Amino acid sequence: MNNIVHVLRWMIRIAGLVALGLGLALWNGTGYDLLSIHQGLGFLISAALLLMAVLGFGQRVSPSLLVLALLWGLAVPAVGSLQGRLLPGDGHWIIEVIHLLLGLGAIALSEIIAGRMARTRPLTPGAA
Ligand code: HEM
């Protein structure tokens, strides 16, 4: 179990760094030919976070943190997919900032959950 979480953690780290770099390039108005790579990495990060959160149940990780991660893992692709259509015009920068924060938050949540799972053992019935 911990091996899977370790792999997911590194997937999110690497994909997150590349997605962030591509996203910042997009923000600068360049790299649009790489948008599909950015989106693919974003979906990968979201799926990895969702899986990590599901695996966290039954381990000594706060269920509310895991539920937050599940909602977050759904919000990242939802906002990302609607990105172009949300608040078009002068207010669009608000969506861009929310999108960036959701991406960074997904990485941060995966670090917190993986860190807690690495430090704890699974709950076993009857364990003290
Ligand atoms: C399924 C997930 C994701 C999808 C579908 C997605 C989609 C997009 C799209 C379509 C844009 C271009 C917006 C435009 O300028 O027209 C964009 C930009 C951007 N993305 Fe993502 N993205 C995802 C995940 C992420 C993640 C995980 C990060 C950070 C780690 C991130 C960071 C950024 C940044 C900084 C920008 C530039 C600012 C902005 O337009 O919001 N994205 N993304």
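Look above for the structure.
Keep in mind that what you see is a predicted model, and the values were worked out from it rather than measured. (Residues numbered from 1 in each chain as written. Predicted model: local features only at pLDDT ≥ 70, side-chain atom pairs only at ≥ 80, totals over all residues. Heavy atoms only, no water.)

Bringing the packing of aromatic side chains into the picture now. Under the definition given, this model contains zero aromatic pairs. The aromatic ring of W10 is capped on one face by R13, whose charged end is 4.5 Å from the ring centroid. (Phe/Tyr/Trp six-rings, centres within 6.5 Å; stacked < 30°, edge-to-face > 60°. Lys NZ or Arg CZ within 6 Å of the ring centre and 35° of its normal.)

Of the protein atoms, only H38 (NE2) and H99 (NE2) coordinate the iron atom of the ligand, at distances of 1.9 to 2.0 Å. Considering all six donor atoms around the iron atom of the ligand, angles at the metal cover 84 to 178 degrees and the coordination shape is octahedral. With H38 in helix α2 (residues 35–56) and H99 in helix α4 (residues 92–119), this residue pair connects regions lying 61 residues apart in the sequence. (Donors = N, O, S within 2.8 Å, 3.2 Å for Na, K, Ca; no water. Tetrahedral: all angles 85-135°; square planar, octahedral: opposite > 155°, others 65-115°. Helix = DSSP H or I, 4+ residues; strand = E, 2+ residues; numbered from the N terminus.)

Taken as a whole and assessed by the stated rule, the structure comprises two salt bridges. The residue R13 makes a salt bridge to E111 at a minimum N-O spacing of 2.7 Å. Of this pair, R13 sits in helix α1 (residues 2–27) while E111 sits in helix α4, and the two are 98 residues apart along the sequence. What makes E111 partly exposed here is its relative accessible area of 24%. Members of the salt-bridge network, linked through shared partners, are R9, R13 and E111. (Salt bridge = Lys/Arg side-chain N within 4 Å of Asp/Glu carboxyl O. Buried < 20%, exposed > 50% of the residue type's maximum accessible area, 1.4 Å probe, protein only.)

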